Amino acid sequence: VKEKRKLVYLSAYKNFPFLTRYLPTKREAEDIIKASENIIPIILRPGLIYSKEERPWTGPLRLLTTINNNLYSPILNLLPEGSGKEFLKNLEYNKSVNLKDLANCAVAAALLDDYNYTTIENDGMEHISNRLLEKAFIWAISYWNLRIKK
């Protein structure tokens, strides 16, 4: 019996409007990974990945995404079915996630068993990143207290 190994797979939340095969290919890869008997999958589905330091060009895109989510999405929900709503949904953008939160989430998913066999999207990544930082802080304090007692 082969030992199962974890795989943290970086997928995508939405398709880019001009890359029609991007998202279907990502989903196909997810299905293959999930079907593997020797893999414990953790799927990460980020939206726009932004970072002021590492990817400064993403700042304006993040602003547009935020405006779009706050203005466009509520209007889209008001449209009746059959009024071009499905076409417009394809143009809808998803939320953005900070590169550091994505990286922290990937590390947490690899280290902790809490996220085995899960699919995590943007909001979840931010939550998991914060949880990892809390655990690291608690570990550091515990370690420091042990050192002081010696």
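A brief report on the enclosed structure follows. Throughout, a residue's number is its position along its own chain's written sequence, starting from 1. At least 70 in pLDDT is required for a residue's local features to be given in this predicted model, at least 80 for side-chain atom pairs to be given and counted, and no such filter applies to totals for whole chains, interfaces and linings, which use all residues. To get the side-chain values, take all heavy atoms of the structure and skip hydrogens and water.

Section: the sheet that holds strand E1 (residues 5–10)
And then number 1: Taken together, the 3 strands give an open sheet; going across it, the order is E1-E2-E5, and neighbouring strands pair in parallel fashion. The open sheet is flanked by E1 and strand E5 (118–121), the only strands paired with a single partner. Each adjacent strand pair in this sheet contributes to an overall mean axis angle of 20 degrees, direction not counted.
And then number 2: Paired strands, in this sense, are two strands between which DSSP finds at least two bridges. Each helix corresponds to a stretch of at least 4 residues labelled H or I by DSSP, and each strand to a stretch of at least 2 residues labelled E; elements are numbered beginning at the N terminus. Of the strand pairs in this sheet, strand E2 (residues 39–45) and E5 are connected by 4 bridges, and their pairing is parallel. Each residue of the ladder has a partner; that of Arg45, found in E5, is Glu121.
And then number 3: Taken strand by strand, helix H1 (residues 22–35) contacts E1, E2 and E5, and its axis lies near 155 degrees from that of E2.
And then number 4: The contact criterion used is simple: two residues touch if any of their non-hydrogen atoms lie within 4.5 Å. As a rule, the C-alpha atoms of each element are fitted with a line to give its axis, helices using only the stretch in contact, and angles between N-to-C directions run from 0 to 180 degrees. Together, E1, E2 and E5 form the strand contacts of helix H4 (residues 99–111), whose direction differs from that of E1 by roughly 160 degrees.

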